[in-house]
Amino acid sequence: MAVNIIKIGGNVINDEAKLEAFLTSFSALSGDKILVHGGGKVATKIAKDLGVETEMVEGRRITNAEMRDVVTMVYGGLINKKIVASLQSLDCNAIGLTGADAGVIKAHKRPVKTIDYGYVGDIDSVNAVFVSSLLSQKITPVFAPLSFDKDFGILNTNADTQASAIATALSEEHEVNLIYCFEKKGVLLDAEDDNSVIPVLKPKLYKEYKASGVIYDGMIPKLDNAFDAVNKGVKKVIICEANELLAAVERGETGTQILR
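Before going into details, it helps to say that this report is about the structure given with it. Computed from a predicted model, the values in this text were never measured in an experiment. (Residues numbered from 1 in each chain as written. Predicted model: local features only at pLDDT ≥ 70, side-chain atom pairs only at ≥ 80, totals over all residues. Heavy atoms only, no water.)

Now for the overall build of the protein. Across its full length, the protein carries 9 helices and 14 strands. Taking 2.2 N^0.38 as the reference for a compact globule, 260 residues should give roughly 18 Å; the C-alpha atoms of the protein span a radius of gyration of 17 Å, in line with that estimate. Along the first, second and third principal axes, the C-alpha set of the protein runs to 45 × 45 × 35 Å. Burial statistics for the protein: of 260 residues in total, 51% are counted as buried. Pairs at least 24 apart in sequence give 68% of the contacts found in the protein among residues at least 6 apart. A total of about 12200 Å² of accessible surface is found on the protein, and carbon and sulfur atoms cover 50% of it. Here the protein holds 29 positive side-chain charges and 34 negative ones, and the gap between their average locations is 3 Å. (Helix = DSSP H or I, 4+ residues; strand = E, 2+ residues; numbered from the N terminus. Rg over C-alpha atoms; globule rule 2.2 N^0.38 Å. Buried < 20%, exposed > 50% of the residue type's maximum accessible area, 1.4 Å probe, protein only. Contact = heavy atoms within 4.5 Å. Areas by Shrake-Rupley, 256 points an atom, 1.4 Å probe, with all protein chains shown as cover. Lys, Arg positive; Asp, Glu negative; His and termini not counted. Charge placed at Lys NZ, Arg CZ, Asp CG, Glu CD.)

In structure tokens form, the structure reads like this:
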């Protein structure tokens with residue numbers, strides 16, 4: 001049975017009822033599984049409450065020393081431990097992790113080219129043996145989007161990228177599915193029509209949809225990540241709505257499947 005690596009984004013984390021419904025579905029998912037979560041909206045709100053200014057460039061957070069403290073508290077503490085506690089209540093034996101824990105996700109601080117992103121990590125390696133050892137003990141890892149650099153310490157890391165890196169690393173020893181859950185039912189032919197889901201997307205069709213403008217803006221980096229993962233050994237990537245997790249993963253009834 002495949003290992004399912006599921007990434008959940010900020011729109012669900014920001015809504016307690018949606019998050020509880022998602023975690024109920026996640027806990028019911030059969031087989032080995034890993035959860036990777038974001039939480040940018042919560043971090044932005046708490047930063048504002050603390051008087052720390054949020055600066056974004058092209059949708060990416062600039063992480064200065066103050067903001068690094070905020071995201072470490074919010075991602076590695078508040079959000080991660082609330083999710084772990086909820087999963088324990090649902091009889092899913094979870095453990096919360098950052099990249100620093102057991103040095104499981106090592107990265108380097110992103111070099112400055114045109115923009116200085118600050119304490120942001122680009123992933124170098126994932127300790128797949130350690131992650132597999134947790135799965136073998138029927139422990140479900142829950143990763144906060146934080147990696148580790150021995151020179152700079154904790155680094156803020158894109159959750160989509162982190163999920164893809166974990167999936168790629170584990171695919172050397174396991175059959176792996178990577179699932180991105182967000183607020184839409186999948187990749188849409190028409191952004192205004194939630195029922196226009198593209199059921200299967202392969203490289204040739206993706207290239208055509210990009211060229212014609214059917215797929216644009218924020219979906220492009222997500223899909224580039226998805227195709228990169230399948231090209232590196234992940235069996236398939238599924239993009240689906242968070243509340244349709246079981247239908248998409250176990251029954252293949254909804255969402256978009258990304259295939260080689």
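Once that is clear, we can look at the sheet that holds strand S14 (residues 256–258). A sheet is described by the order of its strands in space; here 8 strands give the open sequence S5-S8-S2-S1-S11-S13-S14-S12, paired in mixed fashion. Each of the sheet's edge strands pairs with one partner strand only, and the pair in question is strand S5 (94–97) and strand S12 (200–201). Pairing of strand S1 (residues 3–8) with strand S2 (residues 33–37) involves 5 bridges; the strand directions are parallel. Note on S2: the bridge partner recorded for Lys7 is Val36. Each of strand S11 (176–182), S12, strand S13 (236–241) and S14 touches helix H8 (residues 219–231); the most contacted strand, S13, lies at about 150° to it. (Pairing = 2+ DSSP bridges. Axes fitted to C-alpha atoms, helices over the stretch in contact; angles between N-to-C directions.)

Summed over the entire model, instances satisfying the criterion amount to 3 aromatic pairs. Aromatic pair Tyr206 and Phe227: ring centres 5.0 Å apart, planes at 20°, arrangement stacked. On the criterion of sequence distance, the pair formed by Tyr206 in helix H7 (residues 203–212) and Phe227 in helix H8 is long-range, its members being 21 residues apart. Judged by relative accessible area, which is 7%, Phe227 ranks as buried. Its guanidinium or amino end placed over the ring of Tyr119, Arg68 lies 3.8 Å from that ring's centre, counting from NZ or CZ. Across from the ring centre of Tyr117, 5.0 Å away, lies the NZ or CZ of Arg110, which sits over that ring. (Phe/Tyr/Trp six-rings, centres within 6.5 Å; stacked < 30°, edge-to-face > 60°. Lys NZ or Arg CZ within 6 Å of the ring centre and 35° of its normal.)

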